Structure formats: C-alpha cells, structure tokens
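In case you want the letters, here they are:
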Amino acid sequence: MPLSALNDEQLSAATASLGHNLIIASAGTGKTSTIVGRIAHLLQSGIEPSKILLLTFTNKAAGEMIARLERFFPKKVVSKIESGTFHAVSYRWLKEMHPNLSLKQPSELKTLFRSIYEKRNFERMNLPLAPFSATYLYEMYSLYQNASLDGFDTWFLEKYPEHEVVMDAYMHIIEEFEAEKIAYGFASFNDLLLRIKAHLEENSIPFDEVLVDEYQDTNTLQSALIDSLKPKSLFCVGDYDQSIYAFNGANIENIATFSKRYPNAEVFTLKTNYRSTAPILSLANRVIERNERIYPKKLEVGRHGKTHPPRLLIYNDLFEQYQAIAHSIKHTHVPNNDIAVIFRNNSSADGIEASLREMGITCKRKGGTSFFDAKEIKFLLDMLSLLVNPKDMMAFIHIFEYASGVGSALSKELFQCFNHFGRGSFMQGVLHPIEKELPKLKPNKNVQLGLFDDDHEIGSAARFKHLDLPPEVYSHPLLKHPKLIQDGVKFFNNFYRLMRAVRNEENPAKVLQTVIASKLYEGIIEMLSSQRGRLKNGEIDEEKKKTARERIIQKARLLLNLSRQYKELRRFVNAMVLGGGELSEGEGVNLLTVHASKGLEFPEVYVVDLVDGRFPNRKMMSSIEEERRLFYVAVTRAKDKLYLSLATYDKVKKVEYKPSQFLHEAGLIKGEFTEPEPKTKREKKTAKAS
C-alpha cells in the first residue's frame, strides 16, 4: 500500500487528523508520495472517493497521482475522486451548468478587449496624460483578478493615482468587455475561478477533504476559492522556498500566514531529500538560509554513495561559455534527455541552442514561445473552434484579422453581419444567406465612444466584378459592406470555399487535412514565412523564408498527428485548449527557464549566466529573496552533477560581468558580494529609482 513506502515524517503528515494541515515539502522530499499516501489513508478511513477533491497546477501532476492510486485501489473507486487543476475542475463544473460555455485563450480575449478599447476616442477627452494601451490595460485587469478581491478601480489607482482622470473610461471598457463575454458565452481562465467562487457562495459542493499541491504558488483568487469550498478538512502541500511566481500573481502570504488564518492548523515538515547528493544540498542550504525562515527547516540527505561536488565554470566570453557547455554535453556519457540547461532569461537559451545544434546535439526548449502559441497553430485551432462552436466570435476575429485591411473592429462587424444574414445562424449566413441586406451599421452616436462618426453608403458588389468570383460569392450580401476592400473579398472567397468543404466533417484529422491544404491556409503560410524571412532593411531573404515555411508546415503536421488520436472534433479542440500548454515536442537536451524547470529533476544540470544583472536579474526581479528562491529551485533540480557557469565578458555588447552574489553566498567565490556602482548618470538614476 502507498503508506507502507513512506518514511516517518511523510507517514506522520499523510495520516494527520482531519482539519487544516500544512505540509512543508522541500525539494525532492517526496511530496507526491505523501499526497498519494494521504488519499489512500482517507479511502481506508471510509471516506467516499467522491468527497475528495485534489487540486494541482498541472493536469499531468493530477494524472500521475491518480495513476499511482489505481495500483492499489479499483479504478471504479479512484475514478470518483475529483481531480485536476483549479481551472480544469472549475471548467468541468461550469460546463455542467452552462453547456455552451466557450473557454477562450488570453490572446483571444485580448483581441476582444482591444476591439472595445478602439471604439473610445480618447483624443476628444483632452486628457493631461496619455492613456494606457489596450494591451497593458488588459494585462493589468487580468493581474488584478488574480491578485485582489477589491474593486478594480481601487486596486488600479493605488498603483497609478495619476490615471484617475481616465478611470471612468477604463471602467466603461471593462464593463462592456465583461458584458460581451457573457453575451457570447465566453470565459477566460480567471472567469472559471471567479464564476465558480460566486456559485459556491450560494451553493455548496460538499467535500470531506480538499488537497492542494504546490500551495506556495496559489494566488489570492485561488485561496479565496479554496475557502469558498468550505471543506471539512484541508491538506495543503508546498514549500515557501519554492515560491517563484510573484510576477504571475502568486501570493506567498497564502503559505506564510496559513497558521494565522487557520488557528488550529497543524504544520508538518518533510526535510529528507531523496533527489540530490550531499554536496548539492549543502550548496542549496547555504544560499537559501539567507532568506527569512518562515518555517524553520534544513534539507537532510536521503541518498548515499559516490558524489560529485558542484563545479564552477568561468569563461572569458559569453559565446565561449555556450560553446564549451555544448562541447561538454557532446562528450558526456549521460543521455541527452537526462541533461538540463537552466537559465534565468530566455536570451541565454538562444546561444546554448545554437551551439548545441551546431554540434548536431538535439534539444528541446521549454519556457519560451510555446508550440501552441505559434501563429500558424493558433490559426488552425481557431478554424476548428469555429466549426465546433459557430458562435465563437473570437475565433472568427482571429481568422479574419489575417485579411488585409480587416482589423479586429471590422472583423467583429463581419461576424455580426453573418449572424444577421443567417437570422442567428452563422453557418447559414456564410453559406446560404437568407437576409440580403446589411444590418444597421450606425448606432446612436456617442462622443466618448467615437462610434461610426461618418455616414457610410452601402457598397456595390460591382466594384469586385473583375475578381472573377464564383456566382455564390459574388452575389453574397457581405460584398455590399462599405469597408470591405478587394483583399478582404479574396480572403472571404477562400474562407467560404473552406467552410463549404468542412462543414459536415466531424473527424478532426480529416478537417485539419482539408484546412492545411486549403488556399486560405496557403495564404497564411505565405504571409508568415515572408514576415519571418524579412531582413532589417525590408528585403526578403528567400533562404530564410524557405526555412520558415518548412517549419510552419512541420508544426502543422505535428498538430495533424496529435489529432489522429481523436474521433470527435469537439473533444480534440477541448484537449488542445485545456492541455496544449502541457504538451511538448522533440527529444534531446532540456533547455529550461527556471520557472519551467520547477518540479523536474535531471542527473546532470547546468545553470548558466550566473552573473550579476542576469541571475539575479535586477531589472525583472520583484525582490532579491525571490531571485534567491529561483536559484534554489534551479540547483535542486540536479540529482548527481551540478555545473554553475558564467562568462566575464560579452564581446558583442562589450560588457563586463561580475559573478552572481549567489556564487558568493554558496562559497564558490571568496569574499562577500558588493553590488557594482552605477557608472553613468542614467544608471545612477535607475538605481536610485529601484
């Protein structure tokens, strides 16, 4: 049974009495085994599996825990346990209540937000300052939803009091944004939690125990959601020293104040590390103990045998560092998949990746641009989303934004036109329009909104006669739209043909094959490969364009291969929306940001660019304590061998570097660290401001 494999400290935590329990699980101390043991204990104690809720930060983590339990309990019992990420669980609950709910990615909702923002005419308001951009305002609103339970205006004006003069306009934009999401059945990832939290305030979902993994990464909203569940027992597992997501809204106070918020709480500490060798743990302890000790602890060694002390590698030049590491990896006996190169900044990965590929060493990069964030993949998924849900306005807008002369605001109008032509049916409006006239395009004027200030005459389809369109497209009432230009009509023609070809197809692989082979997608490939092949002087490098085109087609084929595992289009789209970020591609050396490395372990680890300004990153950091936690996370990924590297000079930028203060704290560089003095007036001002 799972409990028999636990050590004394793990067993004590796993068998704790029902109540508020916090388990401080340091790196490599077996937190997953402890959680699995806890659930086993609950089941053995007679608690119904359906009364157990397991919340994690990746669906993969939840899946692994459930799979372990299935080794000891019948699958029909384990399957009744409610498990998954905060968002996945909330999504399932909301879908039961609202079947037509459509979960949208941040990029899609940002487009909707921008379409609302662009209707405002800020110039007419004679403001004493420039308003924030649509993108920045959206990002601030998204951060607020995770970080505060107060009103947005209160939270925002604490940060930017000078923007009080434009706060009403900001609030109007946000109110319209929220109203449109409701009207179209859209939900953001934040909305999933907010709406379930609101539901729980009126309707309880009874659980005997809620278990939370990676508790140190929870934000204010997630903490409030946990409280809204009102479970009989709460079992939270986390590590204060691995809290590294403050930039993303994580609130370290959730774990720091656990005992204060729950007066009868029990705190257990897992301190025996089974991952890393004694020299690696000793280095990690020397550095992290400089942070304030909220919960006293010190990692103890659970492994014995031959060890390798961490090695400090110092090079004269930045690129020389990358080349040397690639050379070292080429000649190691450790398989490439078991090696990780960890960096604080994405810019560090470029040199490493280039050097590895130059030596013919395969590698995979995580923590930069995701496969599912690539424009060519997002376009394909938008097409599939529109087929699954023809009311998905955001998918439509993203598709038509690729048409020349059609932005987000006009795309939104075109979507409304199709629904009008089909009397509420989008597909009818595209393929077989019933209404033959445009809907009213000019609502009542509003000076603040700046909507349709000029009168528009209905356009004539005759202006597109020279395009040699098929009769059904030439006669389509959309061609009367006064803002539609020639390129937009050509785009619509290709869109029309594609929709007609796939409208009745349910098999995701067949749909994708048709989309990838279509003239519409060929246009997308041409546009993106040209953009990526363009040089700084504006000319297109044909070889570079050809390479970009091959990569686009390769990614499209990968998505096609993923789709072959599914028979229903809806299930494939849902899987990609919820799980896309957790899928990875490729084999080889793991190139990871520190954030992406969390939760992973490797026999051989290189932590690169350990120089002041890069790690710690003094421009991006929220505090030196969090940078120290990042360093702690990075070095504790190593099981057997740890290499810490730096270069003292960058020949390209002509910049000298000083070793990171963490190397001083680790005792690898003698003497206390002294922060470099700013050398210019501009640097002095920056240092003073920070």
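Looking up the protein in an unreviewed UniProt entry gives the name DNA 3'-5' helicase, with the organism given as Sulfurovum indicum. UniProt lists a comment for the protein under the heading Sequence similarities (unreviewed entry), and it reads "Belongs to the helicase family. UvrD subfamily."

A. The arrangement of helix α3 (residues 59–69) in detail. Buried within α3 are the following residues: Ala61, Ala62, Met65, Ile66 and Leu69. Around the axis of α3, the buried residues are gathered within 130° of arc, so they sit on the same side. Packed against the buried residues of α3 are α2 (31–44), β2 (52–56), α4 (75–78) and β3 (82–85).

B. Just the environment of phenylalanine 86, in detail. Secondary-structure assignment places phenylalanine 86 in helix α5 (residues 86–97). Considering only alpha carbons, one finds phenylalanine 86 and leucine 193, 107 residues apart in sequence, at a separation of 7.4 Å. Not counting residues up to four positions away in its chain, the partners in contact with phenylalanine 86 are Leu55, Thr56, Phe57, Leu193, Val212, Thr218, Gln222, Leu225 and Ile226.

C. How the structure looks around the domain arrangement of the protein. Partitioning the protein into domains gives domain 1 (2–98 + 191–270), domain 2 (105–187), domain 3 (300–369 + 587–666) and domain 4 (373–440 + 452–580). Centre-to-centre, using C-alpha coordinates, domain 1 lies 33 Å away from domain 2. Across the boundary between the two partners, domain 1 contributes 12 residues, which contact 11 residues of domain 2. Carbon and sulfur atoms supply 54% of the area that domain 1 and domain 2 bury against each other, a total of about 850 Å² over both sides. The tally of links between domain 1 and domain 2 comes to one salt bridge.

D. Quick look at the nonpolar core. One finds Phe152, Phe156, Phe492 and Phe495 to be the most contacted residues of the largest nonpolar core, which totals 91 residues. Sort the elements by how many residues they give to this core and helix α17 (residues 375–388) lands first, with nine residues. There are two domains that each give this core at least three residues, and those are domain 2 (105–187) and domain 4 (373–440 + 452–580). Among all residues touching phenylalanine 495, those that are not within four sequence positions of it are Met383, Leu386, Phe396, Ile399, Phe400, Phe426, Val430 and Leu520. Among the nonpolar cores identified, the runner-up in size contains 58 residues, and Ile280, Leu313, Val341 and Tyr606 belong to it.

E. Region of interest: the packing of helix α23 (residues 508–517) against helix α25 (residues 542–563). Interaxial distance between α23 and α25 falls to 8 Å at its minimum, and their mutual angle equals 160°. Here α23 lies roughly antiparallel to α25, going by the angle between them. Judged by the twist between their axes, the crossing of α23 over α25 is left-handed. Side by side, α23 and α25 meet where Pro508, Ala509, Leu512, Gln513 and Ile516 of the first sit next to Ala556, Leu559, Leu560 and Ser563 of the second. Classifying every residue of the contact of α23 with α25 gives seven nonpolar, two polar and no charged.

F. Seen up close, the packing of aromatic side chains. The tally for this structure, following the rule as stated, stands at 42 aromatic pairs. Relative to phenylalanine 258, the ring of tyrosine 215 has its centre 5.8 Å away and its plane inclined at 90°; by these criteria the two rings are edge-to-face. A residue pair is termed long-range when its members are at least 10 positions apart, and tyrosine 215 in the loop between β6 (209–212) and α11 (220–229) and phenylalanine 258 in helix α13 (residues 258–261) qualify at 43 residues. Taken together, a centroid distance of 5.1 Å and an interplanar angle of 70° make the contact between phenylalanine 400 and phenylalanine 491 edge-to-face. Here phenylalanine 400 is found in helix α18 (residues 393–400), whereas its partner phenylalanine 491 is found in helix α22 (residues 486–502), with 91 residues between them in sequence. Relative accessible area serves as the criterion here: at 1%, phenylalanine 400 is assigned to the buried category. Among the residues examined, phenylalanine 491 registers a relative accessible area of 9% and is labelled buried. Taken together, the ring pairs in this structure connect Phe113, Phe132, Tyr136, Tyr138, Tyr141, Tyr144, Phe152, Trp155, Phe156, Tyr160, Tyr170 and Phe177 into an aromatic cluster. Lying over the aromatic face of tyrosine 240, arginine 629 brings its terminal NZ or CZ to 5.8 Å of the ring centre.

G. Layout of the UniProt feature "binding site: ATP" (unreviewed entry) in the protein. Taken from the UniProt record, the annotation "binding site: ATP" (unreviewed entry) applies to Ala25, Ser26, Ala27, Gly28, Thr29, Gly30, Lys31 and Thr32. Among the residues examined, threonine 29 registers a relative accessible area of 1% and is labelled buried. In this structure threonine 29 touches Gln10, Leu270, Lys271, Thr272, Asn273 and Leu299, once residues within four positions along its chain are discounted. Looking at threonine 29, its side chain comes within polar contact range of the main-chain oxygen of serine 26, at 2.6 Å. Position of glycine 30 among the secondary structure elements: in the loop between β1 (20–25) and α2. Classification of glycine 30 by relative accessible area gives partly exposed; the value is 22%.

H. Quick look at unusual backbone geometry. Across the junction of phenylalanine 615 and proline 616, the peptide omega takes the value 10°, indicating a cis bond. Counting through the fold element by element, proline 616 comes out in the loop between β15 (602–607) and α28 (624–635). A positive phi is found at aspartate 468, a non-glycine position, where the angle reads about 55°. Take aspartate 468: its relative accessible area is 68%, and that puts it in the exposed class. One non-glycine residue, aspartate 609, lies in the positive phi region at around 55°. Along the polypeptide, aspartate 609 turns up in the loop between β15 and α28.

The rules behind these values
Residues numbered from 1 in each chain as written. Predicted model: local features only at pLDDT ≥ 70, side-chain atom pairs only at ≥ 80, totals over all residues. Heavy atoms only, no water. UniProt positions renumbered as here; feature names shortened; annotations may be inferred. Buried < 20%, exposed > 50% of the residue type's maximum accessible area, 1.4 Å probe, protein only. Helix = DSSP H or I, 4+ residues; strand = E, 2+ residues; numbered from the N terminus. Arc of directions from axis to C-beta. Contact = heavy atoms within 4.5 Å. Domains from an automatic or database assignment. Buried area = accessible area lost by both parts, 1.4 Å probe. Salt bridge = Lys/Arg side-chain N within 4 Å of Asp/Glu carboxyl O. Core = buried A, V, L, I, M, F, W, Y, C linked by side-chain atoms within 4.5 Å. Axes fitted to C-alpha atoms, helices over the stretch in contact; angles between N-to-C directions. Parallel < 35°, antiparallel > 145°, perpendicular 65-115°, else oblique. Left-handed = near helix turned anticlockwise from the far one by under 90°. Nonpolar A, V, L, I, M, F, W, Y, C, P; charged D, E, K, R; others polar. Phe/Tyr/Trp six-rings, centres within 6.5 Å; stacked < 30°, edge-to-face > 60°. Lys NZ or Arg CZ within 6 Å of the ring centre and 35° of its normal. Polar contact = N/O pair within 3.5 Å; in protein donor to acceptor, adjacent residues only side chain to side chain.

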